[in-house]
Amino acid sequence: MNSLKVKPILTDTYNIPAEFEPKSDSIYLYGESDEFRSTHIKNFNSNLNSLLIEIIDKDSSSVIAGEIELQLRSSKSLSKLWLHIDRNRDIYIDITGMSHSAWSAILKSAIDEGFTVLVVYVEPSSYILSNTSIQGQFYDLSEKIKGIYPLPGFANFNQESSEFLLIPILGFEGARFKYIMEQVQPNYRNVYPIVGLPGFRPWYIFESIENNIDVLKSTRAWESMSYVPSDCPFSCYYKLDNIREKNKGKQLKIAPIGTKPHALAAIMYYLNHPEVEIIYDHPVRKTGRTDGASKLHVYHVSALVKAKPDRITSRTRRKNRDV
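Owing to the predicted nature of the structure, the values given are computational and were not obtained by experimental measurement. (Residues numbered from 1 in each chain as written. Predicted model: local features only at pLDDT ≥ 70, side-chain atom pairs only at ≥ 80, totals over all residues. Heavy atoms only, no water.)

Secondary structure assignment for the chain yields 7 helices and 17 strands. A separation of at least 24 residues holds for 81% of the contacts in the chain among residues at least 6 apart in sequence. (Helix = DSSP H or I, 4+ residues; strand = E, 2+ residues; numbered from the N terminus. Contact = heavy atoms within 4.5 Å.)

Shown next as structure tokens:
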């Protein structure tokens, strides 16, 4: 029996973004990119009783929220986002148009501040086909890789384990998988890839495997490969937990180089298990990488992820004492 079937999948899915509207009196944080799907908030009702806050990426370590510049590596700086916001108001974080550095840091801050957090993600209708003739490179998604360094707020200061598991959560970009393997240099027996099945489209699974096949074959990592739905962070989270339980005593290093919902799973898992390490290669995204907008998902993150007592801010502690 598939154990994932008895786990809650805490997701609301809408066939088109226009069907969705955030709860009344909520806070909605979003970013816009050159991708059409990131602009769906323009379709919100003009009488929407929610506060919309646009997040503009300035660089990999700071963003602009309204007129405020926030340092993503500073919890004190990020806490400025939540000044004067009642903790009973739901927080939506739309990760569709935000960079991983921005949305992961903001998500962590919102959880630590004690908010109920929901994450929104809009699938693309399609990815733009590559013009190159490189074998297996169907889609041209990144210009370059900046290198491996921690996402803001996700540095791991635990002592390095002599034996660790690497869990690469794969997408279309085989070059990123190869780069991660070269930099991290895991024991090949301890590599447990996760691939999206089903994908956003039925054929994506075949393209994902073909794009990553060279490394999967040369390391025999395909023998330990798992499959979870590409649009479901909760299924991916449970799979991470399953792998961890079967390999007790080994440190986990998770490389979210696939879909954003799977990257969300990695971040959620870190927030509940801060002893794991997030490995991220910080790609520079190409413009015009997707076309259109498809399904919209709302992930009830706070149903699974809670703030750790040592991360709760002093302001939140005071609020809780006053209740």
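On a regular strand, one side chain projects to one face of the sheet and the next to the other, so that they alternate. Burial of the side chains of strand 17 (residues 296-299) extends over both faces: L296 and V298 are buried on one face and H297 and Y299 on the other. Bridge count for strand 1 (residues 11-14) against strand 17 is 4 bridges, and the pairing is antiparallel. Residue pairing for strand 17: D12 is matched across the bridge by V298. The pairing of strand 7 (residues 117-122) with strand 17 spans 4 bridges and is classified as antiparallel. Bridging across to strand 17, V122 finds its partner in L296. (Buried < 20%, exposed > 50% of the residue type's maximum accessible area, 1.4 Å probe, protein only. Pairing = 2+ DSSP bridges.)

This paragraph deals with the environment of E123. Relative to the assigned elements, E123 resides in the loop between strand 7 and strand 8 (126-127). Its relative accessible area of 3% is what places E123 among the buried residues. Remark: the alpha-carbon pair of E123 and G292, spanning 169 residues in sequence, is separated by 8.7 Å. Setting aside chain neighbours within four positions, we find E123 in contact with R37, F200, R201, D231, G292, A293, S294, K295 and H297.

With that settled, the discussion passes to the pattern of salt bridges. Two side chains with opposite charge may pair up if their charged atoms get near one another. Taken as a whole, this structure holds 14 salt bridges when the rule is applied. Here K58 and E69 are joined by a salt bridge, their closest N and O atoms 3.0 Å apart. Of the two residues, K58 is situated in strand 3 (residues 51-59) and E69 in strand 5 (residues 68-71); the sequence distance between them amounts to 11 residues. For R176, the salt bridge goes to E173, with nearest N and O atoms at 3.1 Å. In terms of burial, R176 and E173 fall into one category: buried. Within the structure, one salt-bridge network assembled from shared partners comprises E173, R176, D281 and R285. (Salt bridge = Lys/Arg side-chain N within 4 Å of Asp/Glu carboxyl O.)

Read from one edge to the other, the open sheet built from 8 strands follows the order 1-17-7-6-2-3-4-5, with strand pairing classed as mixed. Every other strand in the sheet has two partners, leaving strand 1 and strand 5 as the edge strands with one partner each. The mean angle between the axes of side-by-side strands here comes to 25°, regardless of whether they run parallel or antiparallel. (Axes fitted to C-alpha atoms, helices over the stretch in contact; angles between N-to-C directions.)

Spatially, 5 strands are ordered 12-11-10-13-14 in an open sheet, and the strand pairing comes out parallel. The sheet terminates laterally at strand 12 (226-228) and strand 14 (277-278), the two strands that pair on one side only. Bridge count between strand 10 (residues 164-170) and strand 13 (residues 251-256): 6 bridges; the pairing is parallel. Counterpart to L166 in the pairing with strand 13 is K253. Across the face of the sheet, helix 3 (residues 174-184) comes into contact with strand 10 and strand 13 while running at roughly 165° to strand 10.

Their axes nearest at 8 Å, the elements helix 5 (residues 233-246) and helix 6 (residues 260-272) cross at an angle of 50°. Overall, the two elements helix 5 and helix 6 adopt an arrangement that is oblique. Considering only the axes of helix 5 and helix 6, their crossing is right-handed. Contacts from P233, F234, C236, Y237, L240, D241 and R244 of helix 5 reach helix 6 at P261, H262, L264, A265, A266, M268, Y269 and N272. Residues belonging to the contact of helix 5 with helix 6 are distributed by class as follows: 11 nonpolar, 2 polar and 2 charged. (Parallel < 35°, antiparallel > 145°, perpendicular 65-115°, else oblique. Left-handed = near helix turned anticlockwise from the far one by under 90°. Nonpolar A, V, L, I, M, F, W, Y, C, P; charged D, E, K, R; others polar.)

Before going further, it helps to spend a moment on helix 2 (residues 100-112). End to end, helix 2 covers 18 Å across 13 residues, agreeing with the expected 18 Å (1.5 Å per residue, within 8%). Counting buried positions over the 13 residues of helix 2 gives 13, a clear majority of the element. Backbone geometry just after helix 2 places G114 at a positive phi near 90°. (Expected span 1.5 Å × (residues − 1).)

Another point: the pairing of strand 7. The buried fraction of strand 7 amounts to 6 of the 6 residues, a majority that puts the element mostly inside the structure. Burial along strand 7 is two-sided: V117, V119 and Y121 and L118, V120 and V122, pointing in opposite directions, are all buried. Inspection of the sheet shows strand 6 (residues 91-94) paired to strand 7 by 4 bridges, in the parallel sense. Residue pairing across strands places D94 opposite V120, the latter belonging to strand 7. Each parallel crossover has a hand, and for strand 6 linked through helix 2 to strand 7 it is right-handed. (Right-handed = clockwise from strand over helix to strand, strands pointing away.)

Residues L29, W82, I93, W103, I106, L107 and V301 are the most contacted members of the largest nonpolar core, which totals 64 residues. A per-element tally of this core places helix 6 first, with 9 residues. The contact partners of L107, leaving out residues within four places of it in the chain, are I93, V117, V119, L264, I267, L271 and V301. In this structure, F164, V184, V195 and I279 belong to the second largest nonpolar core, which totals 17 residues. (Core = buried A, V, L, I, M, F, W, Y, C linked by side-chain atoms within 4.5 Å.)

To continue, consider the confidence of the model for the chain. With 89% of its residues at a pLDDT of 70 or more, the chain has an overall mean of 89. When the criterion is pLDDT under 50, residues 314-323 qualifies, and its contacts beyond four places in sequence or with other chains add up to 13 contacts. (pLDDT = per-residue confidence, 0-100.)

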